[in-house]
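# Coordinate inspection notes
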Amino acid sequence: MPTFLSHRPLPVPGASRPGAPTLAVSATGDGSEKADAEELARGLALPVMTTETDFDLLLVVTPERLELRDNRDPRLGPVWVDFSHFDLRPYSAHLSRRQPLARALGKKAQAVVDATAGYCQDALLFALMGYHTTAIERSPVVMALARDGLQRLAARAGIALEKHLHLVEGDARLLLTSLKPPPEVIYLDPMFPPKRKKSAAVKKEMRLLRELVGDDPDARELLEISRRVALDRVVVKRPDDAVPLAPDPSMSIAGKLVRYDVYLTRR
Ligand SMILES: C[S@@+](CC[C@H](N)C(=O)[O-])C[C@H]1O[C@@H](n2cnc3c(N)ncnc32)[C@H](O)[C@@H]1O
């Protein structure tokens, strides 16, 4: 099974945030899951679930995949990173370079740094579209879930994803300035501003992600750093009704319910 590069895990961001959920690792199944869970817990500096302890969220190693479960409400069902809906055919709409996302990256881009990788849905698209992609994520828990989904996809589809997609754990605000050579294009998709009215329709994946990582209050700072570092442009994904993260995008490209604000940086 392919592996993806990772740096030493950092403490879970937001773990010290007031109201942040408590989290532990556990396992189901009678194979190697228990040992895998112990190794994962060590790597993430998280406790292993025991019967005497109570945690809000559980990362569960199952025989099929790594799941995130809400221990407070088991009726909600598990969350895992699933790429099975991706249409991997080379000219599929998913992978077209004519789609708004690819147009925002620019015609000349060959490499992209996704500095807010999350579950790597966008980073995977970039890699499959043929961009050499570096995906930076600061939550080791989110990265563990993404890595598990990517490994399952690579095994199922028989593709050497690790050749095109380089996973890096850490805070992009620190890592971006040390990349050699400096990135041409940096892509940012920080957490969308929380809706004032809570909607029952917010998918549980997004609700749990927000609980894990918070609201990315430092997104403007990340954009400022990215604009200093990127040689060609920074692309920021925003909800279509939100104000730009910085007031002066060079152009905006409309997508489905989202907008890509492009900040040209070529000096
Ligand atoms: C909305 S999610 C990104 C979703 C992603 N585009 C996808 O396709 O799955 C935002 C992610 O950015 C991460 N993030 C925010 N600021 C970061 C930073 N400075 N360095 C690294 N990751 C960051 C958060 O931890 C969160 O997982």
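Residues numbered from 1 in each chain as written. Predicted model: local features only at pLDDT ≥ 70, side-chain atom pairs only at ≥ 80, totals over all residues. Heavy atoms only, no water.

To continue, consider the site of the ligand. Around the ligand sit 21 residues, and of these Asp122, Glu137, Asp171, Ala172 and Asp189 come closest. The separation between an oxygen atom of the ligand and a polar main-chain atom of cysteine 120 is 3.3 Å. Take glutamine 121: an N or O atom from its main chain is 3.2 Å from an oxygen atom of the ligand. Only α3 (121–129), β5 (132–137), α5 (172–175) and α6 (204–213) provide two or more residues apiece to the shell around the ligand. (Near = heavy atom within 4 Å. Polar contact = N/O pair within 3.5 Å; in protein donor to acceptor, adjacent residues only side chain to side chain. Helix = DSSP H or I, 4+ residues; strand = E, 2+ residues; numbered from the N terminus.)

The next thing to look at is the pairing of strand β3 (residues 66–70). For β3, a buried count of four out of five residues is recorded, marking the element as mostly surrounded by other parts of the structure. Both strand β2 (residues 57–61) and β3 contribute to a ladder of five bridges, which runs antiparallel. Paired with leucine 58 across the two strands is arginine 69, which belongs to β3. Counting the residues that bridge the hairpin from β2 to β3 gives four residues. (Buried < 20%, exposed > 50% of the residue type's maximum accessible area, 1.4 Å probe, protein only. Pairing = 2+ DSSP bridges.)

The element β5 is extensively covered by neighbouring structure, given that five of its six residues are classed as buried. The handedness of the strand β4 (residues 111–114) to β5 crossover, carried by α3, is right-handed. Across five bridges, β5 lies against strand β6 (residues 165–169) in parallel orientation. Bridge assignment links threonine 134 to a residue of β6, and that residue is histidine 166. Crossover handedness for the path β5 to helix α4 (residues 140–157) to β6: right-handed. (Right-handed = clockwise from strand over helix to strand, strands pointing away.)

Glancing now at the sheet that holds β3. Read from one edge of the open sheet, three strands run β1-β2-β3, paired in mixed fashion. Every other strand in the sheet has two partners, leaving β1 (23–27) and β3 as the edge strands with one partner each. Adjacent strand axes in the sheet meet at a mean angle of 25° when their direction is disregarded. The sheet contacts of α4 involve β1, β2 and β3, and relative to β3 the element is tilted by about 135°. Along the sheet, α6 makes contact with β1, β2 and β3, crossing β3 at roughly 85°. (Axes fitted to C-alpha atoms, helices over the stretch in contact; angles between N-to-C directions. Contact = heavy atoms within 4.5 Å.)

Take the sheet that holds strand β7 (residues 185–188) next. Across the sheet, seven strands lie side by side as β6-β5-β4-β7-β8-β10-β9; this open sheet has mixed pairing. The sheet is open, and its two edges are formed by β6 and β9 (251–254), each paired on a single side. Here the strands of the sheet are splayed against their neighbours by 20° on average, with no regard to which way each runs. Bridge count for strand β8 (residues 233–239) against strand β10 (residues 258–264) is seven bridges, and the pairing is antiparallel. Of the residues in β10, the one forming a bridge with valine 236 is aspartate 261. Running at roughly 170° to β7, helix α7 (residues 219–229) makes contact with β7, β8 and β10 of the sheet.

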